[in-house]
Structure formats: structure tokens, C-alpha cells
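# Topology and contacts: notes
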Amino acid sequence: MVIPKIDATLAVILFSFTAFLPAVLKISKSSERLRNTSDNQASQEWTTNVLKRPSTKLAIRGIALVLQLIGVSLVCWQIAANMESDGLESAGPVTATVVCLIFVSVRHVKLGGSRRDDYGPGAIESLDSRYEMVLLCSILRIVAIVGCCFLIHFAVEGNGSIVANNLDGTSVRFAEVHWNNSDCDRMITSFWNTGITNMFVSLGTFYIGVVACQTKIQRFGFTLPLALITPVMSSITGAYSVHIPKSTLLEFFKITAPSPAVNEFIGWRTSDFYIDGGVIAGIVILGLVLGVLPMLAVASHMWTENEISMSRIENLFDKSNFAGPMICEDMMMNRSSKHTQVLTIDSTHRIPRIVLCVTLWHETDDEMKQILTSIMRLDKYQKKANGRRFEFEVHVFFDGAIEKTDGQYRVNEYVEKLMKLLPVAADIVVKDGRNKMASVRMETPYGGRIQLPLPQSERMMYIHLKDAEKIRKKKRWSQCMYLNYILRYLTKEEEITDNENIDVDDLYILALDGDVDFQPQALLYLLNIMEKNENVGAACGRIHPIGSGPVVWFQNFEYAVGHWLQKSAEDILGCVLCSPGCFSLFRGKALSDVNVGKTYMQKATEARHKVQWDQGEDRWLCTLLLKQGYKIEYCATSDSYTFAPENFDEFYKQRRRWTPSTIANILDLLLDARLAVKENQNISWGYIAYQMLLTAASLLGPSTVVLIVQGALLYVFGIPVAWSMVIALAPVIYFTVICYTSSEEFQIKVASVLTLLYGLLMMAALVGVLGDLAMSLLNPTSLFMLSMIALFAFTGLLHPTEWTCLIHGILYYICVPSAFIFLPIYSYCNLDNISWGTREDKSHSNNDEDESNETQLYSCGWGNICRCQLCIKPKKSRPAEHHGSTSNETQQILISESTRINRLNDLRDTLSGQQRSLLATRVQNDSFRSDSPANEELYFKGPVDSTTVGTVRLTRAELGFWNHLINKHLGPETEEEKRQHKMKIAPELKELKNKMSGAYLFINSLWLVLTFSLALVVTEVHITLVDKNGNVSELNPLSFAFLLFFIIILTIQFVCMLFHRWDTFLLRMAETQLIGSKEKRISEDSQSTNMSVSGSSSRMENGRADASSQHMNPAFVDGDVDRD
């Protein structure tokens, strides 16, 4: 009503006079804050920045309000003058202008308290519900506006409303429009084109602004463009008005609407009222001074850079939607002013505390050195980091560390290796790092502990030595140890490190395996995910298997595809189902939930619990988090590296644990889907349906691959249908019988031979498919193969640092029968075997066996004959098998240790004096209080090296805590439990194995018979495809449906991968430092052990401010513990 009738320059300036009501509200807040500050005697020292003082802000906002009101008055005067010069009535447009400006200004007002004032439990739910409410209100507003328009047209104005203006100045009314002529069609088309264009342009503008804020380029990518848009646009329209009056701006750019009347209505019309360039320039300058600058003053918080990357839209803007017609002004005023104040760590004094929890058992030198080097690297980074502050400490939980040998207790050889490798790892990262380390030993209710400071930051590293005779062994119980110790004891104990309580709201636990390698930046990526969304209970990154040989090559492609497609799809559609324990960050508050932590502590009393809980502890913990409503996210930029099985038998034994536990946890979630959807806002019924499809495809894997092999025999070799099925199925039946009747070792040998035979068959099938590609592209098999190759190739190209994994895809294709037929059958038929399978203790093997293992060759076959066929290169020392061997570098250092010991002992008085002073300070401030003289004899021997300076005792409080925890939950397996396992659990496991393997084989047999029978019976019905050369291809409808099923799953995963890649790209942009930045990024080359860490030389402050908010009380262990 107003804008189409006034000059384009005045219309552009008019948009900036909508900040007067937000200015009034901010003046009120500044006045209240100024009064509160005035009561403070130290108000003059409140801030040294003049612009940030409340009095300065009050004055600036007051001036902005006055200028805005003056600007509104002048604009109304100019509109009235324009109308009168054109011979039109001015009272109506002026009144409409004032009313519209008030309504628009009301939209910019932030009423009520900020939702971020309560950024605790339920805050994320309120954000999402608020977003849904805004969306619903937007739909209702559209309906109401359209309804009111029709009401005005037909009821109020008697079908005589003005639709458009003709070029001669006359009006086109609704009743005069002939809806069946070409003019009406052009008019309607013009309105539709204009509305759709405005919608998409506004949406694009809003999204680009969001990206700028998320990637931390708000000043130059968000604030500056919005500040310049009105001055630039008004200057363009003003110049055009001077040179070409009585025209439209769209005509100049040759983008006029099809209807001349509509083009006159929406084309940014110029007027002959302003023909003097000086007058135009004055109007533009006044608009800048009275409109743009006051608006920027009211929204001055836009110049403050966002501290948290990839923040949610609900956190960046007070309103999740945007106003299309005034998108720039709306984004300026809608930008949240409290985002950085609440979420910035320095402003809230909330420094995260990360506890690194490493579980060790029988890792070897190379593996231990890898994890120790990563810890030392993080220690060096944190000391020199200039941007990200966090506190951390390291806890290593060593399973079976104390053993009884010849009637005497002493630490085992792996602990000795660890203590010798600590100085080695310190020297790799820090020059002379070994000379900065000193350790004390202590006896604990669960065995022993070694405590030492890290060489750079003097943060503490605790090595917990578990005695199997005193505490329950295996990884899950080590996790229960550190969960209770950290979340129950350290969060409540008042006399801990730095004399501070650990707030569970700021506590994170980094779960690590004993062979993982990671860079500090990988941890920061996971930490950023946690901080931007408190509903995230766990976050995991990209796991890279390392090693050599064909088995590792297979896993390279398997891990790559699993992360590229499956984890990305899970992250986009809902939640990641498993956060692997080798490198994952968990939120302390989520783990302290009674339905998570206490449930995870339960002992397995049934066979299915043994499989689901003890064999798949990582998935079990994640299942509990998902059911409790927490989200698990995947970050593709957080890279970590872990040793993968290099031998065929070790790989099969590892997957024997993984396969049943994975299915058990997924079925647990699916069977309890109603609760999961109700409690977890990130899990929807669509996500449940997707997981059901994947589970069905996984369970039907053997029969599906058998059909593929049968088709290959029929298609490539021309074998008749029945005989091709017999040939494809006979080895599977033979292997199934073997799995029920023979030993596990023999089963693996048979599987290796069958893997080789089926691999040759798959290669022949591949050659046949490639041959048919040259003849016809419309062949169904060729189409499917081409689509798969194109999909994986494009996916690999979107991961430029990992594209080499595609090379291993050929080996993966060859081994598909082994992975999807023999491995699942082997896993289910050995479900009653609950041993760990990998890293078994072989330290007591004789020398002859060691020598034979040293020259062992790679194998995926049977015996050394097949091994020679696969790899003629002698096998290198494998960390998982040759526990006594080390790399050349490590071996030389360890050999020279005996010659260095004398020199270190000569320096012992000087070094130990310095270290004793350091440790005395740390022990006094720590939970370990020395209640006995140093060098007290412990019940176990070793390890004693050049870093050991004495022994201490636990405090009475911690001693009581451990005794209570062990007696209640973590005591070693008693004779009664062993008898119960033998009498009850073992038979139940065999029964469960028979049921699960029988059901698994039955459904696959049923699917195989059904599919094969239908293919034989339904021969008359087929789908015919004809290519351009006239070649005819016939496709069975059942086969087509089968291919379509997998194509749908892969398409869903591919589309989700594209979205996840875009999010990853934005995250990379957010973490990339701009030119001139003082902070340098750390190299992400995880293979470099001698890395030079960049950063500021300033030392990070130790300590953490007292947390003001109360935290959730963990309830892992029943009862209270005396804490004198």
C-alpha cells in the first residue's frame, strides 16, 4: 500500500527505521544495569573498555532512539510530500507507514527472559519445542493473512480492492479483472514469480548469514554486509532516480515482470520529485545517519565474534524464522545478544575438565608407545595452547597388572614395559622429557597405583594396577572402576587436585584403548560438539585401522565405508548407535544418570546379558544413553588411529565378539522403540524404520550373497540353475556342519580356505560383468555394478584425504562371501564362547614357538602353503601376537637403559630432590595423602626404575570408597559365581547359541528357498530393457525388487553423506585460522611422532573457578562412604 507508491530511494531507507522499540527496551536494561553497578564500590574498575560500560551503552542507545524517531518523522513528511506532488491523498499512506513501522519494530523486541539463562537440563528440548511452535505460528499467520485479504476483498470493499496500477496512473480493481484473459494470466504469473523469487532469495540470505556465524566469520561475513546493504542500495536507487526518473529499477536490469501493471507495482519505481543530485545525496546521508547507524548501535552485539563454531540456529537467533520482505534488518535485530556471553568459556568461568581413561591389558611396545606419545603430545599442546582452555588428567587402568609368581606378587611384564616406555614417549615429544618425570607408588584395595606428573604441564597421570584376585577383571569392569571413581568420588571429594571440586556439568571422559593414536585437535573437535549441545551424551570420530597385510586392507575399506555412509546417515537421520571405546568423548552428566551408570554396573546373570553386556560393552553403554534421551554424534574431522587385526584368525575372533553383541543391542533398541522415540527427541519412527531395514539386510546377508554367487555361476560360466545353486550352497552347508562339530581353530582354517575359493569365483564374476559392460549397459547386473562403482568413487572423492581406501575396495569385493557368509555363521555358532579372543597372553610360550611366529607369513588360507600364495614377504612383528618384541628404535633405547641407569643414579640426588619437591606439592593437593613414611614396602614388587622416588598411602576417604565399591560391585569372581556360571550360565549360553544360530540359519534358508523358488516359477513375467543398439535384457521382477531394496538404502545413505560432508566442510572452515591470526593450528598428521606443536608461548593458567550451579548427584553405588 505504501512502498509501491513512493520513491525507491525512500523505500530502501524506510526499512532501517524499525529499531526504535528495541532501543527503548535496551535503554531500560542499560538503566537497570547501571543502577546495579553504581551500588558497587568497585564500579570504576568494572571494565577498562569505555564502550562496554553501562553508562556509555545507555548514552549510545538513547541517542539511537532519538535519531530513529527523528528519522521516522522525516520519512513520513517525505512520503506526504511525494503523495501530494503526485496528486494523491497523503493521510492514509502516512498513517499506514507509522502503523507498519510499529508492527515491524515489535517483531524485533525480545520479550521475557532469555532461554539461555537456564542452559541446563531440558534447555535443548525447549529450543526444539520453541522452533516447532514458531513453525506452527508461521503457518497459522499465512492462513490468517490470506483469509483477511479475501475477507477485505469480498466483504469489506465489495470485491473492489485495488489489485495493481496501470501505467497511466489509474487503478485496476479486483472486480474489473477478467480472469480468463491473457492479461490476467500474466498478472498472476508475475505475482507468483515475484513471491517465489523473494522466498528463495530471503532463504538463501538467511542461510548464508547462519553459515557466516557458524564458521566464526560473523564480522566480515554477516555484520559488515548487512551494515552496507542499505547505504549501497539507496545510493544505487538514488543515482538511477536522477538519471532516469519515472521509471523502474527492474527495467534497468532487464528483469521486468510479464505484466506491465505488476511491474509498475513492484518494480522499484523512481519519481521525478527528486531531480537534484544534491537532494538525493542528502536523503541518502540522512538515511544513513538517522536509520542505519542507530540500528547498528542497537545491534552492536553483532560485532562480537561467535566463540563456538557450528552453533545451532536456535542459539544464534532469538527467532528461528525470518521475515522475507525485510530480511536484512530482521537478521540484524534477530541476532542473539547473549550467545557468546553464555557459551563462551572465559565469560562464564566454566573450564571443561577432561579425564583421559585408558584401558590396558596385553598391549605391546609399539601400541603402548603410540598411546603414550598421544598423551605427551596433548600435554605439550595444552601447555602452549593460546586459544582453547581445558583441564585434563590421565588415568590408566591396567587389567591383570599384578600376578603371583613363585609365591610372590609382582607387576607383570606389560607394566614393566609401560614404565620403560614412558621416558621414551616423553623424549619423542619433549626434549629431555624423561628427566622431568618422577613417580610414586602406593598400595590400593584393588592392587596398586603409580602416580607421576606429565613432563610439560605437570598434570598428573595415574596408573591403576588391577590385581585379578582383588577386583573383577575385563574391560567393562575397568570402565565401571573409572566411572565410579570419577563421577562419584572425584566430583564429591573436597580435597582433590588444586583444592577444587569437579563440577559434573563441566566434566568429560575420553575413553581410550591402549593402542590408539590421536592428535589434540581431534579431541577439540569432539569437545566442541559437546559444548554446543548439552543433549549430546557421547561423540566419536573417524577410526582408521593401521597395520599391514590383506586383512588390514580389507578393514581399511570396511571402516571407510562404514564411516562415510553408515555413521554419517545415522548422524543425520537421528543418532549414532555406537561410539567406539577406542576413542570417544562422553559427557559426565550423561554417564552419571542413574539409568545409565547404575544399569551399566549390573552383573550379567543371564546368557543374553553375557553377550550383550560383556561382549559389546561400548554398544551397551551407548544403548543406555540413547534410551535415556541423549544424542550420540559423529565427527568426521576427529581422526584417530588404532591397530587392527593382521591375521585371519585374529580378525575372525574379534568379529566373533562384535557380531552377536551388535545385533543384540540393535534388537534391544528396536524392540523398545516406543520408549526410545518417546524419550529421545533425536530418534523418530522413520529412523527406527531405517534401522529395521539395515537389520533385515544384515540378518539376510548369507542367503543374499549365496544368491549372488549362484547368479555369478549361472551368468559367467553358464552352469544350469539347479547345479549353480548346489555349487554355491554346498560349501556353506559344509562349513555350518564344521562350526557345530569341530574346534574353533579348525573352523577358522576351513573359513580361510573357503575365503580363497570364493574369492577366485568373485574375481571370475567381476571379469564376466566387465565383459558384458562392453556389450550392453542396460544389463541389470551391469547397471547395478556401475551404480555401485560410481557411488563409492564419488563418495571417496568427497573424502579427499581418504580416497586411497577405494583401492582396497577390490579386495573387499573379493572377500564379500567370507564377510557376509562364513563370518556370521562362525560368530553365531560360537556364541557360547565369551572369551576375548584377541590379545591373549602368549608370554609363556616357548622359544621355539616364538621363533616360528617370528617368521610366520600373512595368511587368509590354511597353513603356510596358502600364506605363501598370498604374501611372500616375511611377516613383521605383530603387536597383538609378539608381546616380547619391539621396534628397532624402542629396542635400542631399552637396551641402552641398563647403561644409562648408572648415569641417572649419579644424578638421582639432584633429580629426585627436585622431583620429590614437586611430588610432595602434588600429593598434598591431591586425594593421595601420605600417612606413612616414604619407601614403605608394598605387597607387590616392581616396577622400580630411575623415575621412582618413594611410596605413599591413600587417604582414609578414598580407601573407604574403594573398599565399599569393591565389596558392593567390583569384587573378583567368587567360587559361587564360578559355580553358577558352570551350572547355569554355560548351559544357557549353549542353549542361546543353538536358538540364535538355528533361527539365523532358518530365516536365511527360508529366504533362500523362497527367492530361488519364485525365480524358477515366475518365468513368464519379466521386465524387458532394450538399449540403443537393440540389445534386449530381461530382468526378473523379484531380482529387480531385490536390487531396488539395496539401492534405496544406499541412496538414503548417500544423500545423508552429502549433508554430513557439507557440515564437515563448514566445521573445517570454522576451525581454519584467518590470515593474521596469532593462533596457529596444530598439524593433523597423526603418523608423525616427532611433531612440532605450534602455539603461543604463554603458559595456561592452572585451576578452575568455582562452579556456581549445582550438579546432578551420581548414584552408582548404594549407601554412603565415610570421608573423614
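Everything numeric in this text was worked out from a predicted model, so none of it was measured. (Residues numbered from 1 in each chain as written. Predicted model: local features only at pLDDT ≥ 70, side-chain atom pairs only at ≥ 80, totals over all residues. Heavy atoms only, no water.)

Each helix and strand in the protein was counted, giving 40 helices and 16 strands. Residues counted as buried form 53% of the 1124 residues belonging to the protein. For the protein, the proportion of contacts with a sequence separation of at least 24, taken over those separated by at least 6, is 78%. A total of about 50,300 Å² of accessible surface is found on the protein, and carbon and sulfur atoms cover 61% of it. (Helix = DSSP H or I, 4+ residues; strand = E, 2+ residues; numbered from the N terminus. Buried < 20%, exposed > 50% of the residue type's maximum accessible area, 1.4 Å probe, protein only. Contact = heavy atoms within 4.5 Å. Areas by Shrake-Rupley, 256 points an atom, 1.4 Å probe, with all protein chains shown as cover.)

If you walk through the whole model with that rule in mind, you get 24 salt bridges. As a salt-bridge pair, E745 and K653 come within 2.8 Å of each other at their nearest N and O atoms. With E745 in helix 29 (residues 744-775) and K653 in helix 24 (residues 648-671), this residue pair connects regions lying 92 residues apart in the sequence. With a relative accessible area of 16%, K653 lands in the buried category. Because the salt bridges share partners, they merge into one network encompassing K475, D513, E617 and D618. (Salt bridge = Lys/Arg side-chain N within 4 Å of Asp/Glu carboxyl O.)

A separate point is the side chain of T18. Within the fold, T18 resides in the loop between helix 1 (8-14) and helix 2 (20-38). Classification of T18 by relative accessible area gives buried; the value is 0%. At 3.3 Å, the side chain of T18 and the backbone oxygen of F15 are in polar contact. The residues touching T18, leaving out its near neighbours within four places in the chain, are Q68, L101, V104, S105, H108, M295, M326 and E329. (Polar contact = N/O pair within 3.5 Å; in protein donor to acceptor, adjacent residues only side chain to side chain.)

Bringing the confidence of the model for the protein into the picture now. On average, the protein scores 76 in pLDDT, and the residues at 70 or more come to 70%. Of all secondary-structure elements in the protein, the lowest mean pLDDT belongs to helix 33 (residues 847-854), at 36, while strand 12 (residues 583-587) reaches the highest, 95. Every residue in residues 40-45 scores below 50 in pLDDT, and together they form one contact with partners more than four places removed in sequence or on other chains. (pLDDT = per-residue confidence, 0-100.)

Once that is clear, we can look at a nonpolar patch on the surface. Nonpolar side chains collect at one region of the surface, where I188, W192, I196, M199, F200 and L203 lie side by side and expose about 620 Å² of accessible area between them. For W192, the position within the fold is in helix 6 (residues 182-214). Among the residues examined, W192 registers a relative accessible area of 58% and is labelled exposed. (Patch = residues over 30% accessible without salt bridge, like charges linked within 9 Å, V, L, I, M, F, W, Y side chains within 5 Å.)

Attention shifts here to helix 24. The end-to-end C-alpha separation of helix 24 is 34 Å, in line with the 34 Å expected for 24 residues at 1.5 Å each. Of all 24 residues that make up helix 24, 17 are buried, and the element is covered over most of its length. (Expected span 1.5 Å × (residues − 1).)

With that settled, consider the nonpolar core. Residues I354, L356, M461, I463, L465 and F583 are the most contacted members of the largest nonpolar core, which totals 66 residues. In terms of nonpolar packing, the next biggest core, distinct from the first, is built from 61 residues, C357, V440, C540 and V952 among them. (Core = buried A, V, L, I, M, F, W, Y, C linked by side-chain atoms within 4.5 Å.)

In total, this model carries 26 aromatic pairs according to the counting rule given. Arranged with centres 5.2 Å apart and planes meeting at 40°, the rings of Y489 and F961 form a pair that is tilted. Here the residue Y489 occupies a position in helix 17 (residues 475-490), and F961 occupies one in helix 38 (residues 956-970), the gap between them amounting to 472 residues. When its relative accessible area of 0% is taken as the criterion, Y489 is described as buried. Judged by its relative accessible area of 1%, F961 falls in the buried class. Aromatic side chains F518 and F583 sit 5.1 Å apart centroid to centroid with 35° between the ring planes, which places their arrangement in the tilted category. Here the residue F518 occupies a position in strand 10 (residues 517-518), and F583 occupies one in strand 12, the gap between them amounting to 65 residues. Take F518 and F583: they sit in the same class, and that class is buried. Members of the aromatic cluster, connected to one another through ring pairs, are F554, F557, F648, F651, Y652, F792, Y812 and Y826. Positioned above the aromatic ring of W477, the side-chain terminus of R476 is 4.4 Å from the ring centre. (Phe/Tyr/Trp six-rings, centres within 6.5 Å; stacked < 30°, edge-to-face > 60°. Lys NZ or Arg CZ within 6 Å of the ring centre and 35° of its normal.)

Summarising burial for helix 23 (residues 617-627): eleven of the eleven residues are buried, a large majority. Buried residues of helix 23: E617, D618, R619, W620, L621, C622, T623, L624, L625, L626 and K627, and no others.

Positive phi, close to 55°, is recorded for D406, a residue that is not glycine. Turning to its location among the elements, D406 is positioned in the loop between strand 4 (391-405) and strand 5 (408-411). For D406, a relative accessible area of 80% corresponds to the exposed category. Phi angles above zero are rare outside glycine, and K474 is one such case at about 90°.

This part takes up the pairing of strand 12. In terms of burial, strand 12 is largely enclosed, as five of its five residues are buried. The two faces of strand 12 match: F583, L585 and R587 on one face and S584 and F586 on the other face are all buried. Two elements, strand 9 (residues 507-513) and strand 12, share five bridges in a ladder whose sense is antiparallel. Counted as the bridge partner of Y508 is R587 from strand 12. As defined by bridge partners, strand 11 (residues 536-546) adjoins strand 12 across three bridges and the pair is classed as antiparallel. When the bridges of strand 12 are listed, C540 appears paired with S584. (Pairing = 2+ DSSP bridges.)

Attention shifts here to the packing of helix 19 (residues 550-573) against helix 26 (residues 685-699). At a closest axis distance of 10 Å, the pairing of helix 19 and helix 26 adopts a crossing angle of 160°. With respect to helix 26, the element helix 19 is oriented roughly antiparallel. Across the interface between the two elements, A569, E570 and L573 of helix 19 pack against Y687, Y690 and Q691 of helix 26. Split into classes, the residues belonging to the contact of helix 19 with helix 26 amount to four nonpolar, one polar and one charged. (Axes fitted to C-alpha atoms, helices over the stretch in contact; angles between N-to-C directions. Parallel < 35°, antiparallel > 145°, perpendicular 65-115°, else oblique. Nonpolar A, V, L, I, M, F, W, Y, C, P; charged D, E, K, R; others polar.)

Another point: the packing of helix 27 (residues 701-716) against helix 28 (residues 721-741). Running from N to C, helix 27 and helix 28 point in directions that differ by 135°, and their axes come no closer than 8 Å. Relative to helix 28, the element helix 27 lies oblique. Taken as a pair, helix 27 and helix 28 cross one another with a handedness that is right-handed. Note on element contacts: helix 28 touches helix 27 through V721, S724, M725, I727, A728, L729 and V732, opposite V706, L707, V709, Q710, L713 and L714. For the contact of helix 27 with helix 28, a count of residues per class yields eleven nonpolar, two polar and no charged. (Left-handed = near helix turned anticlockwise from the far one by under 90°.)

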